[in-house]
Amino acid sequence: MVRRRKTKIVKIGNVKIGGGFPISVQSMTNTKTWDVGATVSQIKKIKKAGCEIIRVGVPDLKSAKTLSKIKEKINLPLVADIHFSADLALEAINQGADKIRINPGNFPKSGLRKIVVLCKRKKIPIRIGINSGSLEKDILGNHERVTAKMMVESALRNIKLMEKLGFYDLVISLKAPDVLRTIRAYELLAKKVDYPFHLGITEAGREFSGTIKSAIGIGSLLLKGIGDTVRVSLTTDPVEEVKVAWEILKSLELRERGVKIVSCPTCARTEIDIMGLTKEIEKITQNIKKPLKIAVMGCIVNGLGEAREADLGIVGFERVALITKNGEILKRVKEKDILREFKKELKNYY
Ligand code: SF4
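Definitions and cut-offs
Residues numbered from 1 in each chain as written. Predicted model: local features only at pLDDT ≥ 70, side-chain atom pairs only at ≥ 80, totals over all residues. Heavy atoms only, no water. Helix = DSSP H or I, 4+ residues; strand = E, 2+ residues; numbered from the N terminus. Buried < 20%, exposed > 50% of the residue type's maximum accessible area, 1.4 Å probe, protein only. Lys, Arg positive; Asp, Glu negative; His and termini not counted. Charge placed at Lys NZ, Arg CZ, Asp CG, Glu CD. Contact = heavy atoms within 4.5 Å. Polar contact = N/O pair within 3.5 Å; in protein donor to acceptor, adjacent residues only side chain to side chain. 1 Å grid on protein atoms, 1.4 Å probe; cavity = no way out; pocket = protein on both sides within 12 Å on 5 of 7 lines; lining within 4 Å. Points joined across faces, edges and corners; volume = space filled by probe spheres on them. Nonpolar A, V, L, I, M, F, W, Y, C, P; charged D, E, K, R; others polar. Pairing = 2+ DSSP bridges. Axes fitted to C-alpha atoms, helices over the stretch in contact; angles between N-to-C directions. Left-handed = near helix turned anticlockwise from the far one by under 90°. Core = buried A, V, L, I, M, F, W, Y, C linked by side-chain atoms within 4.5 Å. Expected span 1.5 Å × (residues − 1). Parallel < 35°, antiparallel > 145°, perpendicular 65-115°, else oblique.

Enquirer: Explain the overall build of the protein here, please?
Expert: When its secondary structure is counted, the protein shows 13 helices and 15 strands. The principal-axis extent of the C-alpha atoms belonging to the protein is close to 75 × 40 × 30 Å. When burial is assessed residue by residue, the protein has 53% of its 350 residues classed as buried. Counting 65 positive and 39 negative side-chain charges, the protein places the centres of these two groups 5 Å from one another.

Given below as structure tokens:
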């Protein structure tokens, strides 16, 4: 069991983060926010994949003014991502954003007071989102590379500014595109404040490398008990970000959702088409939300052992397959019938 860092609780719409509440999964749209139809349609797809908090970019007034229309059509907390402009933040809050994210590296300090007053009135939190790519110039100084310490310095400076204004409804993130710097920054800040943390490896790359970096970075921090909400950043469809985030949380047994497939890598002993079967099973079970463990194994070497620990299993055995339920062998089927018979048992299971 991971012992989680104790933090304040922050409420984003109807989702609470920190204070031991479940680690929530977030993502961000990549449509033009002002295109309400496209944005809402993407949010619905992302939500179906398991997203619990959605963020949209607000680069202009046209986008800010559509937030209330988007909010009407979705039922998950909406976060407005703001850079450069206090007026955009004010408009987003007035339009009903459930949280705003500001980047201290580019956000005018002169606009903070007005925002804080409005956030207090509307009871919405602010995320101070430090990003190594846009750190305040005076902290960077003459150095060529932003360090974890510099990111923490920026976070502490901006937390203090907010606290001076009497605002404590804060979430903090410290993102860099590399794993070690990100981990170091969160570890350092975790010793100094008790605000909840939004975790992520920013600009992690395409699906393959980004998934690995995110799993190592976010996963290492979660294992240390650090982190209250996660966003995986991938250069691909945001639906994939949500799937990866869930796999990280499920792997660490911090959350449960949907199907967990245990499948063998195949080898010379493989008796049935494990690759094809696993792909099909992934497809037919992708919308199941209840936790379910399925073993898909090529032979009896490890097959029966894995099947014993799974709710349902398929184990290759002398050119046929054994279908198991709760560790018991239910039937023996020919290879061509495996999927059909498995689907029947999956239906029976519920
Ligand atoms: Fe090979 Fe059997 Fe292990 Fe699969 S379970 S990798 S087929 S030995």
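Having seen the structure, we can now continue with the description.
Enquirer: Which parts of the structure should I look at to understand the environment of Asn106?
Expert: Of note, Asn106 is situated in the loop between β6 (99–102) and α5 (112–122). Judged by its relative accessible area of 17%, Asn106 is buried. Along the primary structure Asn106 and Phe84 are separated by 22 residues, whereas in three dimensions their C-alpha atoms are 5.2 Å apart. Each residue touching Asn106, except ones within four places of it in the same chain, is listed here: His83 and Phe84. A polar side-chain atom of Asn106 sits 3.3 Å from the main-chain amide nitrogen of Phe84.

Enquirer: Would you take a moment to explain empty space enclosed by the protein for this structure?
Expert: In this approach a probe as big as a water molecule rolls over the atoms, and the regions it shows empty are the leftover space. Under the defined criterion, the tally for this structure stands at one cavity of 30 Å³ or more. Taken as a whole, the largest cavity encloses approximately 50 Å³ of empty space. Tallied by class, the residues present in the lining of the largest cavity amount to six nonpolar, one polar and one charged.

Enquirer: How should the sheet that holds strand β13 (residues 312–317) be read in this particular structure?
Expert: Across a sheet, paired strands are connected by hydrogen bonds in the backbone, their directions being either parallel or antiparallel. Pairing is mixed in the open sheet, where five strands are placed in the order β11-β12-β13-β14-β15. Every other strand in the sheet has two partners, leaving β11 (259–263) and β15 (328–334) as the edge strands with one partner each. Strand-to-strand, the axes of this sheet are offset by a mean angle of 20°, without reference to chain direction. Packed on one face of the sheet, helix α11 (residues 274–285) meets β11, β12 (292–297) and β13 and runs near 165° to β12. Helix α12 (residues 300–308) rests against β11, β12, β13, β14 (320–325) and β15 of the sheet, and its axis sits at about 165° to β13.

Enquirer: Any chance you could explain the packing of α11 against helix α13 (residues 338–349) here in plain terms?
Expert: The angle between the axes and the distance between the axes are what describe a pair of packed helices. Two numbers describe how α11 lies on α13: the axes approach to 11 Å, and their chain directions differ by 30°. The hand of the α11/α13 crossing is right-handed. Contacts from Leu277, Glu280, Ile281, Ile284 and Thr285 of α11 reach α13 at Ile338, Leu339, Phe342, Lys343 and Leu346. Of the residues assigned to the contact of α11 with α13, the class counts are seven nonpolar, one polar and two charged.

Enquirer: Where do I start with the nonpolar core in this structure?
Expert: Soluble globular proteins: nonpolar side chains tend toward being buried together. Within the largest apolar cluster, 78 residues are counted, with the highest numbers of intra-cluster contacts made by Ile82, Ile100, Ile115 and Ile126. Excluding residues within four positions of it along the chain, Ile82 makes contact with Val58, Leu88, Ala89, Ala92, Ile100, Arg101, Ile102, Asn103 and Phe107. In terms of nonpolar packing, the next biggest core, distinct from the first, is built from 21 residues, Ile272, Ile274, Ala295 and Leu346 among them.

Enquirer: Sorry, what's going on with helix α7 (residues 148–164) here?
Expert: Note that an α-helix has 3.6 residues per turn; residues three or four places apart therefore point the same way. Compared with the 24 Å implied by 1.5 Å per residue over 17 residues, the 24 Å span of α7 between its first and last C-alpha is a close match. Within α7 the residues assigned to the buried category are Ala148, Met150, Met151, Val152, Ser154, Ala155, Asn158, Ile159 and Met162. Buried residues along α7 sit in contact with β6, α5, β7 (126–131), α6 (137–140), β8 (170–175) and α8 (179–190).

Enquirer: When you look at the packing of α8 against helix α9 (residues 207–223) in this model, what are you seeing that I'm missing?
Expert: Where α8 contacts α9, the two axes come as close as 10 Å, and the packing angle between them is 20°. Taken together, the axes of α8 and α9 lie roughly parallel to each other. Both α8 and α9 take part in a crossing whose hand is right-handed. Residue-level contacts link Val179, Ile183, Tyr186 and Glu187 of α8 to Lys213, Ile216, Gly217, Ser220 and Leu221 of α9.

Enquirer: It is not clear to me how helix α1 (residues 36–48) should be interpreted in this structure. Could you clarify?
Expert: Between its first and last C-alpha, α1 extends 18 Å over 13 residues, near the 18 Å set by a 1.5 Å rise per residue. Among the residues trailing α1, Gly50 stands out with phi positive, at a value near 120°.

Enquirer: Sorry if this is basic, but what is going on with the side chain of Ser85 here?
Expert: As for its placement among the helices and strands, Ser85 is situated in the loop between β5 (78–82) and α4 (86–94). At a separation of 3.2 Å, a polar atom in the side chain of Ser85 contacts the main-chain amide nitrogen of Asp87. Contact partners of Ser85, with chain neighbours within four places excluded, come to Phe107 and Pro108.

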